[in-house]
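Here is what each chain is made of, one letter per residue.
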Amino acid sequence: MVATRPDIDTISITRTFDGIEAAAHRVISQTGGMASFIKDAKIAVLKPNFVAGRSAETGSTTSFALLKAVAEEVHACGAEPVLCETPGTEFDREATYTILGVEKFCADNGIRIVRIDPEGGEQDWIELQPAGAKRLRRFRIPRFMQEACFINLPVLKTHVVSTMTLGMKNPMGILPRPDRRAMHTLGIAQCIVDMNRGIKPDLTIIDGSVGQDGEGPLYGDKADLQVLVAGRDSLAVDLVCCQLVGIKPRAIPHLKLALEQLGQPSWNLIGEDTGVIKQFRLPEQKTVYRFIFWLMYPLDYPYSWIAERGKHFCTTLYSTGLVGTRPQINEASCTRCGICVETCPLPNVIDLKTLQVNYKTCQRCLLCYEACPENAISVKGYSGTRKPL
Ligand code: SF4
Ligand code: SF4
């Protein structure tokens, strides 16, 4: 990770009309070439956004094509690409990897997956205490990242809690769950700024090959932006992304704080002048929803004292099947054809006899909902205001 923010960044914008891989090689070349980011590092940590088991086609997660191109560039520099990512606390890492097909993709492309202890066991982590941090005064990053090149690969999408999730927010996925809990409890906007005082990616490439508008980051509208944006300075990259989707950066709480506290960055644009590709609609700010979502994190402190290690208040709450986005089978319309069971990437989640979904293991990917030929599956509990897909 570079220690300082560049004085003037070079930001590259390119469309993906000729394919995501070709576009990825282009932005890497335009921002200085992979060797300039890798330097002497033997490892390059690729940090995608795999927040949940929702495919890149939905605009929720980073596309494999982008990861593949980056891994090729890292290999060509003689370094090893390593994937490190833990989904949102309410989702299971292994089940998420299974749904997305991460294991096979990484095996096919020479990417090593590092599975660090998400609960922050001492052996895997080192603590950072970034100077100038206001609320997140200490947090941990994976120990092996100290000498590694850090390549940040977020998605260009909206977020019902942080309004947008771009380059500055994405490194949250490499922090252990207790530190993410602290970020939510102490105030996500300020904590994102504080985190970025300690974590400075060597390169950020924002995946807007699809992107998500409205009630992102999981169940919003596909945006079909067909663009990649790359640079070294996460704040500068995020500001450019806001321009592409017609959003004022100061409407995004953590970008507003970043501009006030870190200052306005400077950059040179290279690549395509796209103007506003699509005017985004930010998620509606529902105070009650936001408060209930926030409350899950402070409540997790006492809960984790009594719960088994690795269990969290939100996972237990979601497993009741009473909250969160979830599929539900309507017995009257169901023909028991079994297609949903065959489609579900996880074993024994849907019981065809009882037509019940096991919410302890269901990862809310909604593939069953999309596959049902009888429209017998409805989606409950959308966090936003939109109608079901
Ligand atoms: S796919 Fe639809 S109709 Fe077929 S078993 Fe599942 S819910 Fe019933
Ligand atoms: S039951 Fe449906 S939503 Fe749940 S994991 Fe299976 S396919 Fe995904």
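On a predicted model such as this, the values are computed, not experimentally measured, just so you know.

Cut-offs used in this document
- Residues numbered from 1 in each chain as written.
- Chains lettered and ligands numbered in written order.
- Predicted model: local features only at pLDDT ≥ 70, side-chain atom pairs only at ≥ 80, totals over all residues.
- Heavy atoms only, no water.
- Helix = DSSP H or I, 4+ residues; strand = E, 2+ residues; numbered from the N terminus.
- Rg over C-alpha atoms; globule rule 2.2 N^0.38 Å.
- Buried < 20%, exposed > 50% of the residue type's maximum accessible area, 1.4 Å probe, protein only.
- Contact = heavy atoms within 4.5 Å.
- Areas by Shrake-Rupley, 256 points an atom, 1.4 Å probe, with all protein chains shown as cover.
- Lys, Arg positive; Asp, Glu negative; His and termini not counted.
- Charge placed at Lys NZ, Arg CZ, Asp CG, Glu CD.
- Salt bridge = Lys/Arg side-chain N within 4 Å of Asp/Glu carboxyl O.
- Patch = residues over 30% accessible without salt bridge, like charges linked within 9 Å, V, L, I, M, F, W, Y side chains within 5 Å.
- Axes fitted to C-alpha atoms, helices over the stretch in contact; angles between N-to-C directions.
- Parallel < 35°, antiparallel > 145°, perpendicular 65-115°, else oblique.
- Left-handed = near helix turned anticlockwise from the far one by under 90°.
- Nonpolar A, V, L, I, M, F, W, Y, C, P; charged D, E, K, R; others polar.
- Near = heavy atom within 4 Å.
- 1 Å grid on protein atoms, 1.4 Å probe; cavity = no way out; pocket = protein on both sides within 12 Å on 5 of 7 lines; lining within 4 Å.
- Sits in = over half its atoms within 2 Å of the grid points.
- Phe/Tyr/Trp six-rings, centres within 6.5 Å; stacked < 30°, edge-to-face > 60°.
- Lys NZ or Arg CZ within 6 Å of the ring centre and 35° of its normal.

Draft legend 1. Representation of the overall build of the protein in the model. When its secondary structure is counted, the protein shows 13 helices and 17 strands. Rg of the C-alpha trace for the protein: 20 Å, near the compact-globule value of 21 Å for 389 residues, within the 12% margin. For the protein, the spread of C-alpha atoms along the principal axes amounts to about 60 × 50 × 40 Å. Counting every position in the protein, which comprises 389 residues, the buried fraction comes to 56%. Sequence-distant contacts in the protein: of pairs separated by 6 or more residues, those separated by 24 or more amount to 73%. Only carbon and sulfur atoms are counted for the fraction: they give 53% of the accessible area of the protein, which is about 16,100 Å². Charge-centre separation for the protein: the mean point of 44 positive side chains lies 6 Å from the mean point of 42 negative side chains.

Draft legend 2. Local environment of the pattern of salt bridges. Counted under the stated rule, the structure contains 18 salt bridges. In this structure, Glu-94 engages Arg-93 in a salt bridge whose closest nitrogen and oxygen atoms are separated by 3.7 Å. Overall, Glu-94 belongs to the partly exposed group, its relative accessible area being 34%. For Arg-93, a relative accessible area of 14% translates into the label buried. Because the salt bridges share partners, they merge into one network encompassing Arg-93, Glu-94, Glu-103 and Arg-115.

Draft legend 3. Representation of a nonpolar patch on the surface. The grouping of Val-288, Phe-291, Ile-292, Trp-294, Leu-295 and Leu-299 at the surface amounts to a nonpolar patch, some 550 Å² of accessible area in total. Of the residues examined, Val-288 reaches a relative accessible area of 61% and is grouped as exposed.

Draft legend 4. Structural view of the packing of helix α8 (residues 234-244) against helix α9 (residues 253-262). Relative to each other, α8 and α9 sit at 130 degrees, their axes nearing to 11 Å. With respect to their mutual orientation, α8 and α9 come out oblique. In the packing of α8 onto α9, the handedness of the crossing is left-handed. Along its contact with α8, which presents Leu-235, Asp-238, Leu-239 and Cys-242, the element α9 presents Leu-255, Ala-258 and Leu-259. For the contact of α8 with α9, the per-class residue count stands at six nonpolar, no polar and one charged.

Draft legend 5. Local environment of the site of ligand 1. Among the 13 residues in the neighbourhood of ligand 1, the closest are listed as Cys-334, Cys-337, Gly-338, Cys-340 and Cys-372. According to the grid-proximity analysis, the pocket containing ligand 1 is the second largest cavity. In the shell around ligand 1, the residues fall into nine nonpolar, two polar and two charged.

Draft legend 6. Broad picture of the packing of aromatic side chains. Here the structure, examined in full by the defined rule, presents five aromatic pairs. With 4.2 Å between their ring centres and 10 degrees between their planes, Phe-64 and Phe-105 make a pair best called stacked. Taken as a pair, Phe-64 in helix α3 (residues 64-76) and Phe-105 in helix α5 (residues 102-108) lie far apart in primary sequence, 41 residues in all. Under the relative-accessibility criterion, Phe-64 is labelled partly exposed at 26%. Each member of the aromatic cluster is reached from another via a ring pair, and the members are Phe-50, Phe-64 and Phe-105. Geometry around Tyr-301 places Arg-181 over its ring, the cationic atom sitting 4.1 Å from the centre.

Draft legend 7. Here's a closer look at the site of ligand 2. Taken together, the neighbourhood of ligand 2 is formed by Pro-327, Cys-344, Val-349, Ile-350, Cys-362, Gln-363, Arg-364, Cys-365, Leu-366 and Cys-368. A molecule is said to occupy a pocket when more than half its atoms come within 2 Å of that pocket's grid points, and by this definition ligand 2 occupies the largest cavity. In terms of residue class, the shell around ligand 2 is built from eight nonpolar, one polar and one charged.

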